[in-house]
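Each chain, letter by letter, is given below.
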Amino acid sequence: MLKAVILIGGPQKGVPMIQHHIEACAQVPGMQEILLIGFYQPDEPLTQFLEAAQQEFNLPVRYLQEFAPLGTGGGLYHFRDQILAGSPEAFFVLNADVCSDFPLSAMLEAHRRQRHPFLLLGTTANRTQSLNYGCIVENPQTHEVLHYVEKPSTFISDIINCGIYLFSPEALKPLRDVFQRNQQDGQLEDSPGLWPGAGTIRLEQDVFSALAGQGQIYVHLTDGIWSQIKSAGSALYASRLYLSRYQDTHPERLAKHTPGGPWIRGNVYIHPTAKVAPSAVLGPNVSIGKGVTVGEGVRLRESIVLHGATLQEHTCVLHSIVGWGSTVGRWARVEGTPSDPNPNDPRARMDSESLFKDGKLLPAITILGCRVRIPAEVLILNSIVLPHKELSRSFTNQIIL
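Residues numbered from 1 in each chain as written. Predicted model: local features only at pLDDT ≥ 70, side-chain atom pairs only at ≥ 80, totals over all residues. Heavy atoms only, no water.

1. A closer look at helix α7 (residues 203-211)
Here comes step 1: Leu 203, Glu 204, Asp 206, Val 207, Phe 208 and Leu 211 are the residues of α7 that are buried.
Here comes step 2: Looking one or two places after α7, you find Gly 213, whose phi comes out positive at around 85°. (Buried < 20%, exposed > 50% of the residue type's maximum accessible area, 1.4 Å probe, protein only. Helix = DSSP H or I, 4+ residues; strand = E, 2+ residues; numbered from the N terminus.)

And the structure:
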């Protein structure tokens, strides 16, 4: 029997990113339950998402709320009784902010061949970009993790941590040790009693770095798709990767050009409830969510349109994310600037984007928050529009508060 835990953190990492995580976990034979751990009050979109996921995959999918942000390992220890209920053989741990083809079955096979408390999924990055990730030095024969450094200041290894793990139940014992050590340290500094910071555990620094080279942590390398999702730009890149993968795994999910339907160029996903005018031109790399309305003559490329949004006649949306419930007026143009990995370097990853340089907003993809109203015939270029804003003019390289 197996379980899976998805660490979703705050509300910005919840829906719909983890649909891919849940689907991958549900496909593993023996999976009995999927737990989501975060520190925010569950809202209506998350509740509806969980109910739909349970029905779709016929598995219990539950959300467990931390009393405070507890780091990447604190929630695992805090909810250890629920994770271990039913005595699972092992449990997967997946960070929500990653895009991957999730080779979970291959990880499980590797774990069963050589059982150890911790199995990490690893991939490669170039020397410069590896400094932005947790770096792994492995024994190339046994794949034991000999050394682990989170975001090193100098080059350590081109093998990086993917944020996808398979843990044995015994893996919770080192987390208990960290908790107890934190508690002791807190009591030395503060008054006696339960120190509130004791529950905060960082898997990477407190566990992986400490236990590397002791025969407890191993790495399973993958050459499949993988990317971190730390920004809106990386979310668009992740959407492109998933759409491309659908060609092999779920071709039925990709829209096809049909007589009387919209023009489809490249990989495009259209939710069955969306209404798209036949003269619209979509793609490549477009994802259209539930209940979206796309009017006549709309041009949509390299973008994500979230549920309930409306693109009125002849709008143009390029390299952008349109938030749920937003409206873009007719003949308006919403455009961003892409920031993709270097196509000439097969090991290149998305760079960590900085919003500002010398006090100015750098060109990036455009983001419209939820329930934004863009009037007709305006231009929104390389800008971020916060939720519930109703604009009256054009903006370029600005954050509209």
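Picking up where we left off.
2. With respect to the pattern of salt bridges
Here comes step 1: Counted according to the given criterion, the structure contains 11 salt bridges.
Here comes step 2: Between Arg 333 and Glu 335 there is a salt bridge; the shortest N-O distance is 2.8 Å.
Here comes step 3: Residues participating in the shared-partner salt-bridge network are Lys 3, Glu 33 and Arg 62. (Salt bridge = Lys/Arg side-chain N within 4 Å of Asp/Glu carboxyl O.)

3. Observations regarding the environment of Leu 241
Here comes step 1: Note that Leu 241 resides in helix α8 (residues 232-249).
Here comes step 2: Relative accessible area serves as the criterion here: at 15%, Leu 241 is assigned to the buried category.
Here comes step 3: C-alpha of Leu 241 to C-alpha of Ser 227: the two residues are 14 residues apart in sequence and 8.9 Å apart in space.
Here comes step 4: The contacts of Leu 241, once residues within four sequence positions are left out, are Cys 99, Ile 225 and Ser 227. (Contact = heavy atoms within 4.5 Å.)

4. Comments concerning the environment of Ile 374
Here comes step 1: You can see Ile 374 is positioned in strand β28 (residues 373-374).
Here comes step 2: The contact partners of Ile 374, leaving out residues within four places of it in the chain, are Thr 327, Val 328, Gly 329, Ala 332, Leu 368, Ile 380 and Leu 391.

5. Overview of the pairing of strand β10 (residues 217-221)
Here comes step 1: Counting buried positions along β10 yields four of five residues, so the element is predominantly enclosed.
Here comes step 2: The sheet contact formed by strand β6 (residues 118-124) and β10 spans five bridges and is parallel. Bridge pairing in β10 places Gly 122 opposite Leu 221. (Pairing = 2+ DSSP bridges.)

6. Focus on the nonpolar core
Here comes step 1: Ranked by size, the top nonpolar core spans 48 residues in total, and within it Ile 22, Met 31, Ile 34, Leu 36, Phe 92 and Leu 104 carry the most contacts.
Here comes step 2: Per-element tally for this core: the top contributor is helix α2 (residues 44-57), with five residues.
Here comes step 3: Dropping the residues within four chain positions of it, Ile 34 is found in contact with Ala 4, Ile 6, Ile 22, Cys 25, Ala 26, Leu 59, Pro 60, Val 61 and Arg 62.
Here comes step 4: Counting residues in each nonpolar core, the second largest holds 31 residues, with Leu 35, Phe 79, Leu 172 and Leu 175 among its members. (Core = buried A, V, L, I, M, F, W, Y, C linked by side-chain atoms within 4.5 Å.)

Geometry only, nothing functional implied.
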